[in-house]
Amino acid sequence: MEYELLGWPPDGPKLRLDHERFSYAGKFVMTNTGKAVARTDDGRVVAAVAFNEDRTDADTLWLRYVTVDRDRRGEGIGPALCRLVRDRALERGYERLRIAVNNPFAYEALYRTGFAYTGETTGIAELILEYPMPDDPDTATWTDRERYQAGLADYRDRDLSDAEERFLAERRDGEPPGVDPSGE
C-alpha cells in the first residue's frame, strides 16, 4: 500500500471516486481542500481524505472527509491515511487536528490514530475528536476511559444498525483502543 499526500488547501487536486465504492465521493471533486490517498501496488485508489484549515483558527486543520473503498473497510487503511495527514500537518506547523465523525466505527478508528473525544458535537450530531488530546477545562478531569466511553454513550442514544449496536455492546465499559503510531 502506498500513502500519498496530493496537495494542501486551498489548491487541492480534484479526485474522481466511484460513488458506489466510496462514501462522500462527490466531496473529493472540490479543489479548496487538501487531499491524501492510499493506493494499491497497481495504483488503484482505495482510500482518500480531504482536509482544510479551520476558518477561525490557523493553527487547526480539519479532516473533513475520510472514505475507504467498501471492499477494503476494516483493514486499517483509513487510520493509516489519517496518520499520514496528521504527521504532515504537524510538520507543517499545525498545532491540532480535528475531525467530526458520524458513526462508532470511525470513532474507534480515529482513537487508534491518537484522536480523542472533545465532548463536543456538531449541529448535525457528529462527535468532534481532536489530536493531540483535547485540553478543554470542561473535560480535563476525564480519565482516558471516561472520555472514550462518553463518546460511545453518545452513539448509544441514536438509532443504530445491528452492526453498530453489536460494536458498541462489545465496548461497553471497556478501555479506549491503544494508539498505533506506526499504522501497522
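Residues numbered from 1 in each chain as written. Predicted model: local features only at pLDDT ≥ 70, side-chain atom pairs only at ≥ 80, totals over all residues. Heavy atoms only, no water.

Student: Explain the nonpolar core to me, please; I cannot follow it from the model alone.
Tutor: In a soluble, globular protein the nonpolar side chains are often hidden away together inside. Core analysis: the largest hydrophobic core is formed by 34 residues, its most contacted members being Ala 36, Phe 51, Leu 61, Leu 63, Val 101, Tyr 107 and Leu 129. The greatest single-element share of this core, amounting to six residues, is contributed by helix α1 (residues 77-91). Discounting residues that sit within four places of it in the chain, Val 101 has contacts with Ala 106, Tyr 107, Leu 110, Glu 126, Leu 127, Leu 129 and Tyr 155. Of all hydrophobic cores here, the second largest spans nine residues; its members include Leu 15, Leu 17, Phe 28 and Ala 48. (Core = buried A, V, L, I, M, F, W, Y, C linked by side-chain atoms within 4.5 Å. Buried < 20%, exposed > 50% of the residue type's maximum accessible area, 1.4 Å probe, protein only. Helix = DSSP H or I, 4+ residues; strand = E, 2+ residues; numbered from the N terminus. Contact = heavy atoms within 4.5 Å.)

Student: Which parts of the structure should I look at to understand the packing of helix α2 (residues 104-112) against helix α3 (residues 144-156)?
Tutor: Axis angle and axis distance: for two packed helices, these are the angle between their axes and the distance between the axes, and together they describe the pair. It is at 10 Å that the axes of α2 and α3 come closest, and there the two elements cross at 165°. Looking at the two axes, α2 sits roughly antiparallel to α3. α2 and α3 meet at a crossing whose hand is right-handed. Across from Pro 104, Tyr 107, Glu 108 and Tyr 111 in α2, the residues of α3 making contact are Arg 147, Tyr 148, Gly 151, Leu 152 and Tyr 155. (Axes fitted to C-alpha atoms, helices over the stretch in contact; angles between N-to-C directions. Parallel < 35°, antiparallel > 145°, perpendicular 65-115°, else oblique. Left-handed = near helix turned anticlockwise from the far one by under 90°.)

Student: What is the right way to look at helix α4 (residues 162-171) in this model?
Tutor: By the burial criterion, the buried members of α4 are Glu 164, Phe 167, Leu 168 and Arg 171. The buried residues of α4 all sit within an arc of 95° when viewed along its axis, so they share a single face. Exposed and facing more than 90 degrees away from the buried side of α4 are Asp 162, Arg 166, Ala 169 and Glu 170. In this structure, the buried residues of α4 make contact with α2 and α3. (Arc of directions from axis to C-beta.)

Student: Looking at this model, I keep getting lost on the side chain of Thr 113. Mind explaining?
Tutor: Structurally, Thr 113 can be placed in the loop between α2 and β6 (116-121). Thr 113 sits in the buried class, given a relative accessible area of 0%. A polar atom in the side chain of Thr 113 sits 3.1 Å from the backbone oxygen of Ala 109. Once you skip the residues sitting within four places of it in the chain, Thr 113 turns out to touch Pro 79, Cys 82, Arg 83, Arg 86, Tyr 131 and Val 179. (Polar contact = N/O pair within 3.5 Å; in protein donor to acceptor, adjacent residues only side chain to side chain.)

Student: Where do I start with the packing of aromatic side chains in this structure?
Tutor: Between two aromatic rings, the relevant description is the distance of the centres plus the angle of the planes. Enumeration according to the criterion identifies eleven aromatic pairs in this entry. With a centroid separation of 5.1 Å and an interplanar angle of 50°, the aromatic rings of Tyr 107 and Tyr 111 are classed as tilted. Remark: Tyr 111 and Tyr 107 occur in helix α2; sequence separation between them is four residues, near one turn of the helix. Residue Tyr 107 shares its accessibility class with Tyr 111, and that shared class is buried. Aromatic side chains Tyr 117 and Trp 142 sit 6.3 Å apart centroid to centroid with 25° between the ring planes, which places their arrangement in the stacked category. Of this pair, Tyr 117 sits in strand β6 while Trp 142 sits in the loop between β7 (127-131) and α3, placing them 25 residues apart in sequence. A relative accessible area of 28% places Trp 142 in the partly exposed class. Ring pairs connect the aromatic residues Tyr 107, Tyr 111, Tyr 117, Trp 142, Tyr 148 and Tyr 155, which therefore count as one cluster. Of note, Arg 86 hangs over the ring of Tyr 131, and the distance from its end group to the ring centre comes to 5.0 Å. In this structure, Arg 171 is placed above the aromatic ring of Phe 167, and the distance from its NZ or CZ to the ring centre is 3.6 Å. (Phe/Tyr/Trp six-rings, centres within 6.5 Å; stacked < 30°, edge-to-face > 60°. Lys NZ or Arg CZ within 6 Å of the ring centre and 35° of its normal.)

Student: Is there a simple way to explain unusual backbone geometry in this structure?
Tutor: Glycine aside, residues mostly have negative phi angles, and peptide bonds mostly take the trans form. Cis geometry is adopted by the peptide bond preceding Pro 10, which originates at Pro 9 and carries an omega value of 10°. Mapped onto the fold, Pro 10 is located in the loop between β1 (2-7) and β2 (34-39). Look at the link from Tyr 131 to Pro 132: it is a cis peptide, with omega at -10°. Locating Pro 132 in the fold gives a position in the loop between β7 and α3. In this structure, Ala 125 is a non-glycine residue whose phi angle is positive, near 65°. Looking at where Ala 125 falls in the secondary structure, it is placed in the loop between β6 and β7. If you check the backbone angles, Asp 173 has positive phi at about 65° while not being a glycine. Relative to the assigned elements, Asp 173 resides in the segment after α4.

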